[in-house]
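Survey of secondary and tertiary structure
Here is how the chains run, residue by residue.
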Amino acid sequence: MKKITAAVVLTALSIGIFSTPLPAAGKGSCSGVIRLIQKYDDRDGVEAVNLGGFLLGIAKIAASGEEGSEWLDYIDRMAVFTAEDASEETKAEFTAELMAVLGEYEKAAEMKDGADDMSIWMKMKDEETIKEMVMVSNSESAIIFLGGNIPMSEMADVVTNASQQ
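A brief report on the enclosed structure follows.

What counts and what doesn't
Residues numbered from 1 in each chain as written. Predicted model: local features only at pLDDT ≥ 70, side-chain atom pairs only at ≥ 80, totals over all residues. Heavy atoms only, no water. 1 Å grid on protein atoms, 1.4 Å probe; cavity = no way out; pocket = protein on both sides within 12 Å on 5 of 7 lines; lining within 4 Å. Points joined across faces, edges and corners; volume = space filled by probe spheres on them. Helix = DSSP H or I, 4+ residues; strand = E, 2+ residues; numbered from the N terminus. Nonpolar A, V, L, I, M, F, W, Y, C, P; charged D, E, K, R; others polar. Buried < 20%, exposed > 50% of the residue type's maximum accessible area, 1.4 Å probe, protein only. Contact = heavy atoms within 4.5 Å. Polar contact = N/O pair within 3.5 Å; in protein donor to acceptor, adjacent residues only side chain to side chain.

Description of the layout of surface pockets
Each pocket or cavity is described by its volume, and for the second largest pocket that value is around 170 Å³. As for the second largest pocket, its lining consists of 11 residues, and the residues nearest its centre are Asp76, Lys131, Glu132, Phe145 and Gly147. Within the residue set of the lining of the second largest pocket, elements represented by two or more residues are strand 2 (75-82), strand 5 (129-137) and strand 6 (142-151). The biggest single contributor to the lining of the second largest pocket is strand 6, with four residues. Here the residues of the lining of the second largest pocket are counted per class, giving two nonpolar, five polar and four charged.

Here's the deal with helix 2 (residues 32-40)
Burial in helix 2 covers these residues: Gly32, Val33, Ile34, Leu36, Ile37 and Tyr40. Where helix 2 is buried, its residues meet strand 1 (47-51), strand 2, helix 4 (88-101), strand 5 and strand 6. Its side-chain oxygen at 3.1 Å from the backbone nitrogen of Val33, Ser31 defines the N-terminal cap of helix 2.

The following block contains the structure:
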């Protein structure tokens, strides 16, 4: 799974010119996380990439046959955000607003390894389907947003496979 995530992120960063624009705040049923990314997107030291159908389609083709690639079939949107090079003030503001937005989500997991940390938050569509998943690293001031219709059964398979490695 790390390989797939890394490949998608690197592809997005290297050909970001083809990425879809972030939607304007307040439009439709746009995720609060996406609106927050958009709000901070133009600040110094902040990098954000939004992947829509075109680049996700390329990622699906490139990852075909790779372990965990079937996961991409359930994702229709991905956004990557980092404020690692932003001012401490921007990082603090973003983190405070992100924690408020994540109040609408359920914390699924939290991991720490020395100074590194990661938490995974989910918003459910129904009992069996994940609508949005947000991976947050406060230590790196970064988030990865996945949107789509991800079956819980797929999540269970990923967790089982990861724990066996």
